[in-house]
Amino acid sequence: MNLKIAPSILSANFLNLENEIRKIEKAGADIIHLDVMDGHFVPNLTFGPELVNQIKKITNLPLDVHLMISNPKFFIPKFIEAGADFISFHIETDSEYEKLLSEIQQTKIKAGIAINPETDIRSIKKILNFVNFILIMTVHPGFGGQKFISECVHKIRKVCEFRDKKNIEIEVDGGINFQTAKIAKDAGANILVAGNFIFKQKNYSKVIKGLRDV
Ligand code: DX5
Ligand code: ZN
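The present account deals with the structure reproduced in this document. (Residues numbered from 1 in each chain as written. Chains lettered and ligands numbered in written order. Predicted model: local features only at pLDDT ≥ 70, side-chain atom pairs only at ≥ 80, totals over all residues. Heavy atoms only, no water.)

**A word on the site of ligand 1**
For the record, the criterion: For this description, a residue counts as near a given molecule or strand if any of its non-hydrogen atoms is within 4 Å of it. Here a polar contact means two N or O atoms within 3.5 Å. Within protein one must be a hydrogen donor candidate and the other an acceptor candidate, and residues neighboring in sequence count only if both atoms are side-chain atoms. Here, Shrake-Rupley sampling with a 1.4 Å probe gives the accessible areas, and only protein chains in the shown set may cover a residue. Here a cavity means grid points, on a 1 Å grid over the protein atoms only, where a 1.4 Å probe fits yet cannot get out; a pocket means an open set of points with protein on both sides within 12 Å along at least five of seven lines; lining residues are those with an atom within 4 Å of a point. Molecule-in-pocket calls rest on the fraction of atoms, with more than half required to lie within 2 Å of the cavity or pocket grid points. Secondary structure elements follow DSSP: runs of H or I of four or more residues count as helices, runs of E of two or more count as strands, with numbering from the N terminus. Three classes are used: nonpolar for Ala, Val, Leu, Ile, Met, Phe, Trp, Tyr, Cys and Pro, charged for Asp, Glu, Lys and Arg, and polar for all others, with Gly counted as polar.
By nearness alone, 20 residues border ligand 1, and Asp-35, Gly-142, Gly-145, Asp-173 and Gly-195 come closest of all. One of the backbone N or O atoms of Gly-142 is found 2.7 Å from an oxygen atom in ligand 1. Contact between ligand 1 and Gly-175: an oxygen atom at 2.8 Å from a main-chain N or O atom of the residue. Burial of ligand 1 by the protein amounts to 99% of the accessible area it has alone, namely 380 Å². Judged by the fraction of its atoms near the pocket grid, ligand 1 is located in the largest pocket. Of all the secondary structure elements, the ones that give two or more residues to the shell around ligand 1 are strand E2 (32–37), strand E3 (63–68) and strand E8 (191–194). Here the element with the most residues in the shell around ligand 1 is E2; it accounts for 3 residues. For the shell around ligand 1, the residue count by class is 8 nonpolar, 10 polar and 2 charged.

Below is the structure:
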């Protein structure tokens with residue numbers, strides 16, 4: 001699978017968001033990663049379906065909504081309606097996974113499960129038949145700009161092993177730079193999220209291309 005780069009707008013300039021999105025489009029981003037936080041599942045707050053809906057109107061790039069929220073069941077229909085192309089929620093929420101994943105897939109949206117650094121990767125085995133992708137967190141969710149936790153890399157290899165011949169994508173999120181991108185790619189990831197590493201640079205093209213070619 002080709003490596004896809006998904007800039008996380010969490011680190012973008014929100015006062016100039018439309019321009020930031022134009023810049024990452026031009027720079028060759030494959031996907032836009034949107035971090036939704038509720039101040040309960042994680043100790044931070046971001047935005048809801050309304051912003052996703054507005055972004056949908058100004059870009060054709062696929063929108064990847066990462067729900068770091070305690071009550072995905074309530075919000076999934078709202079993000080479907082807002083125009084998400086990928087939706088993931090966390091295994092730690094103890095939700096009715098099968099039901100929610102199939103609700104997402106019925107609308108042709110890719111459905112994923114995200115997993116925190118401290119959660120055992122074996123917990124995803126029970127839902128592998130129902131997902132399109134697994135999102136492996138390589139930082140503690142809540143903030144951009146944190147350091148990549150190398151202890152999570154074995155989980156990428158484990159998902160490759162568990163998925164057998166199933167067509168399941170592996171997304172890695174947190175602390176991605178050229179060095180950690182290479183580690184994640186070599187372990188089997190095919191979608192890399194990067195926030196701080198992209199948006200803190202002047203030349204987004206150079207960094208996105210560099211990440212894709214690690
Ligand atoms: C963290 C978010 C990430 C974050 C990644 O809770 O899920 O998507 O924006 O940011 P960086 O690349 O700065 O670690
Ligand atoms: Zn994320």
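Continuing now.
**Let's talk about the sheet that holds strand E4 (residues 86–90)**
Note the cut-off: Two strands qualify as a pair provided DSSP detects at least 2 bridges between them. Angles run from 0 to 180 degrees between N-to-C directions of axes, and those axes are lines fitted to C-alpha atoms, restricted for helices to the stretch in contact.
Taking strand neighbours across the sheet as the criterion, the 8 strands line up as E1-E8-E7-E6-E5-E4-E3-E2 in an open arrangement whose pairing is parallel. Strand pairing shows two members of the sheet lacking a second neighbour, strand E1 (4–7) and E2, which therefore form its edges. Averaged over all pairs of adjacent strands, the angle between their axes in this sheet comes to 25 degrees, without regard to strand direction. As judged from the 5 bridges shared by strand E6 (residues 133–137) and strand E7 (residues 169–173), these two strands associate in the parallel manner.

**Points about helix H3 (residues 72–82)**
Inclusion rule: In this scheme, a residue with accessible area under 20% of its type's maximum is buried, one over 50% is exposed, and one in between is partly exposed, where area comes from a 1.4 Å probe on protein chains only. The arc in question is formed by the directions pointing from the helix axis toward the C-beta atoms. Here, two residues are considered to be in contact whenever any of their heavy atoms come within 4.5 Å of each other.
Among the residues of H3, Pro-72, Ile-76, Phe-79, Ile-80 and Ala-82 are the ones counted as buried. With its buried residues spanning 155 degrees around the axis, H3 presents them on a single face. Looking at the buried residues of H3, the elements they touch are E2, helix H2 (49–56), E3, E4 and helix H4 (97–105). Following H3 by one or two positions, Gly-83 has its phi on the positive side, about 110 degrees.

**Examining the pairing of E4**
The side chains of a regular strand alternate, residue by residue, between the two faces of the sheet. To be explicit about the condition: Seen with its strands pointing away from the viewer, a crossover is right-handed if its path from the first strand over the helix to the second goes clockwise.
Among the 5 residues in E4, 5 count as buried, and that is most of the element. Burial along E4 is two-sided: the face carrying Phe-86, Ser-88 and His-90 and the face carrying Ile-87 and Phe-89 are both buried. Note that the unit made of E3, H3 and E4 has a crossover that is right-handed. Alignment of E4 against strand E5 (residues 110–115), held across 5 bridges, turns out to be parallel. For His-90, the partnering residue across the bridge sits in E5 and is Ala-114. In this region the chain leaves E4, passes through H4 and returns to the parallel neighbour E5; the handedness of that crossover is right-handed.

**Some details on the environment of Cys-160**
Tracing the sequence through the fold places Cys-160 in helix H5 (residues 153–163). C-alpha separation for the pair Cys-160 and Ile-170, spaced 10 residues apart in sequence, amounts to 8.3 Å. Not counting residues up to four positions away in its chain, the partners in contact with Cys-160 are Ile-170, Ala-187 and Gly-188.

**Structural notes on the layout of surface pockets**
Formally: Grid points are joined across faces, edges and corners, and a volume is the space filled by probe spheres set on the points.
In this structure, the largest pocket occupies an estimated 340 Å³ of space. Lining the largest pocket we find 28 residues, and of these Gly-144, Gly-145, Gln-146, Gly-174 and Gly-175 sit closest to its centre. Broken down by secondary-structure element, the contributors of at least two residues to the lining of the largest pocket are E2, E8 and helix H7 (196–199). Its residues assigned to classes, the lining of the largest pocket shows 12 nonpolar, 12 polar and 4 charged.

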